[in-house]
Amino acid sequence: MTGTTVPTRLSVTPTARRSRVHHTTGHLTVRVMDQDADGARVGLLATQALLLSGDHVRIEVDVAPGAWLDVVETTGTVAYEGDAPSSWTIDATVGDGAVLTWEGKPFVVSDGIAVHRGTRLRLHGTGRALMQEKVVLGRAGQSGGDLTTSLDATDDTGPVQVEHLDLGRQARWMPGVFGDLRSMDTVTALGWSPGPVGEPAAGTTGPGETYFPLERSGAVLRWMGIGRFRDRLCDPTFADWRDEAIRARPHEPAQV
């Protein structure tokens, strides 16, 4: 399947007794971990080595009105070196009164590869989305290849958050970009404006965390550092915001 774009599709719809979860397998397959009448917690598992040169992983998600979906990347992903660019794309729709939460694991960019990781979100009504993305430039002893990331989030009114980051080897050494940093952890809340669970602060592993309240409904917490993830704020903030997003629904689901 290397080089193909067969998408992994995932949808959840509330029912009277047990939510209906439908999924099809692409580069990834879906395993239901917990489930109730309104939604489910699912894990994503690779069906092959990922990402090989030329792989284009696409995940399409539809959270029906009133549903909740908690997605967990069960393992990290390595973008391996190669001549052909690769990509990882999430395309999600969140209905009115629905919640999508997505817990990312480290996305490692090896030397000698150009890779893009992109997320597109469409929120309707009072829908909410919470995404965590962890990127690492380089495997052990490496400085990492060329990475670009993008987020394009809209609601019924228009754009909520649009961001494109060029962390290519040349661009990241420009003043004020990334320099010798190697890791970045980003937690993005859309559809409401929560605050972090602690005070962002600089540390010995890099400039530390920064909290950005969005102009419209949303917030971003970002940590950047020189090594593996040592920030003490992003993970607990994601957990707190996930609970907050779920509680805000008209009917709180069973504990997962």
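Everything below is about the structure shown above.
Rules and cut-offs
- Residues numbered from 1 in each chain as written.
- Predicted model: local features only at pLDDT ≥ 70, side-chain atom pairs only at ≥ 80, totals over all residues.
- Heavy atoms only, no water.
- Core = buried A, V, L, I, M, F, W, Y, C linked by side-chain atoms within 4.5 Å.
- Buried < 20%, exposed > 50% of the residue type's maximum accessible area, 1.4 Å probe, protein only.
- Contact = heavy atoms within 4.5 Å.
- Phe/Tyr/Trp six-rings, centres within 6.5 Å; stacked < 30°, edge-to-face > 60°.
- Helix = DSSP H or I, 4+ residues; strand = E, 2+ residues; numbered from the N terminus.
- Pairing = 2+ DSSP bridges.
- Axes fitted to C-alpha atoms, helices over the stretch in contact; angles between N-to-C directions.

Caption draft 1: Representation of the nonpolar core within the structure. In this structure, I59, L69, L100, W102 and L121 are the most contacted members of the largest nonpolar core, which totals 46 residues. Residue contacts for L121: discarding those within four places in its chain leaves A92, L100, A129, M131, L151, D152, A153, T154 and L190. Counting residues in each nonpolar core, the second largest holds 15 residues, with W68, L130, W192 and A219 among its members.

Caption draft 2: Inspection of the packing of aromatic side chains at higher detail. On inspection of all chains with the given rule, the structure shows one aromatic pair. Each ring, one from W88 and one from F107, has its centre 6.1 Å from the other, and the planes form 70°; the classification is edge-to-face. One end of the pair, W88, is in strand β8 (residues 86-94); the other, F107, is in strand β9 (residues 99-109), with 19 residues separating them in the sequence. Summarising the burial analysis for this pair, W88 and F107 share the class buried.

Caption draft 3: Quick peek at the pairing of β9. A large share of β9 lies buried, amounting to nine of its eleven residues. Strand direction decides the pairing type here: strand β6 (residues 68-73) and β9, joined by five bridges, are parallel. Considered in β9, the bridge of W68 is made with V99. Bridge analysis of β9 against strand β11 (residues 128-137) gives nine bridges, and the strand direction is parallel. The residue bridging V108 from the neighbouring strand is V136, located in β11.

Caption draft 4: Representation of the pairing of strand β4 (residues 39-46) within the structure. Among the eight residues in β4, six count as buried, and that is most of the element. Connecting strand β3 (residues 28-35) to the next strand, β4, in antiparallel fashion are three residues. Both β4 and β6 contribute to a ladder of six bridges, which runs parallel. Bridge pairing in β6 links G43 to V72.

Caption draft 5: Spotlight on the sheet that holds strand β12 (residues 146-154). Here we have seven strands laid out as an open sheet, ordered β2-β1-β5-β8-β10-β12-β13, and mixed in their pairing. Only two strands of the sheet have a single neighbouring strand rather than two, namely β2 (20-24) and β13 (159-167). Averaged over all pairs of adjacent strands, the angle between their axes in this sheet comes to 5°, without regard to strand direction. Relative to strand β10 (residues 114-123), β8 runs parallel, the two sharing nine bridges. When the sheet's bridge partners are listed, T93 is paired in β10 with R122.

Note that all results are geometric; they support no functional claim without further evidence.
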